[in-house]
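Tertiary structure, described
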Amino acid sequence: RCELDVQVPGAALHRDDITCDDEGELFENLRAWRRREASTQNLPPYCILSDRALLQIARMKPQNEAALRLIAGVGDTKIEKYGDAVLAIVRGKI
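All of these numbers come straight from a predicted model, not from anything done at the bench.

Right, let's get into the confidence of the model for the chain. Per-residue confidence for the chain averages 85 on the pLDDT scale, and 77% of its residues sit at or above 70. Of all helices and strands in the chain, the one with the weakest mean pLDDT is helix 1 (residues 21–41) (93), whereas helix 4 (residues 76–90) scores best (97). Across residues 1–12, confidence stays below pLDDT 50; counting only partners more than four residues off in sequence or on other chains, it has five contacts.

The phi dihedral of asparagine 42 is positive, around 60 degrees, even though this residue is not glycine. Locating asparagine 42 in the fold gives a position in the loop between helix 1 and helix 2 (51–60). Of note, the phi angle at lysine 61 is positive, near 50 degrees, even though the residue is not glycine. Relative to the elements of secondary structure, lysine 61 occurs in the loop between helix 2 and helix 3 (65–68). Judged by relative accessible area, which is 29%, lysine 61 ranks as partly exposed.

As a further point, take the nonpolar core. Judged by nonpolar contacts, the single largest core of 21 residues is most densely connected at Leu30, Trp33, Leu49, Ile57, Leu68, Val74 and Val86. Mapped by element, the contributors of at least two residues to this core are helix 1, helix 2 and helix 4. Examining the composition of this core, we find that six residues originate from one element, helix 4, more than from any other. Beyond its immediate chain neighbours, meaning those up to four positions away, valine 86 contacts Leu30, Trp33, Leu49, Ile57 and Leu68.

The rules behind the values
Residues numbered from 1 in each chain as written. Predicted model: local features only at pLDDT ≥ 70, side-chain atom pairs only at ≥ 80, totals over all residues. Heavy atoms only, no water. pLDDT = per-residue confidence, 0-100. Helix = DSSP H or I, 4+ residues; strand = E, 2+ residues; numbered from the N terminus. Contact = heavy atoms within 4.5 Å. Buried < 20%, exposed > 50% of the residue type's maximum accessible area, 1.4 Å probe, protein only. Core = buried A, V, L, I, M, F, W, Y, C linked by side-chain atoms within 4.5 Å.

Structure, rendered in structure tokens:
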């Protein structure tokens with residue numbers, strides 16, 4: 001008997017969905033960056049990027065803006081404002 005990991009497009013992602021240590025570490029690094037960015041801008045963290053977007057980024061590890069654009073909730077404005085920082089975190093440069 002085997003188990004299938006079925007993902008429904010648009011289904012909510014949760015922290016419990018993180019399946020490996022490097023995904024968890026990347027997610028926490030993204031959350032720490034988001035917290036700092038939100039504090040700097042006097043905004044709630046979810047206005048920067050949602051937890052769902054951060055989880056998808058941690059899972060997909062986009063390497064360029066085109067791949068980042070595939071993440072739900074990440075459009076042109078978010079990429080313009082935060083794309084370079086997010087990609088640097090994914091690449092391990094921050």
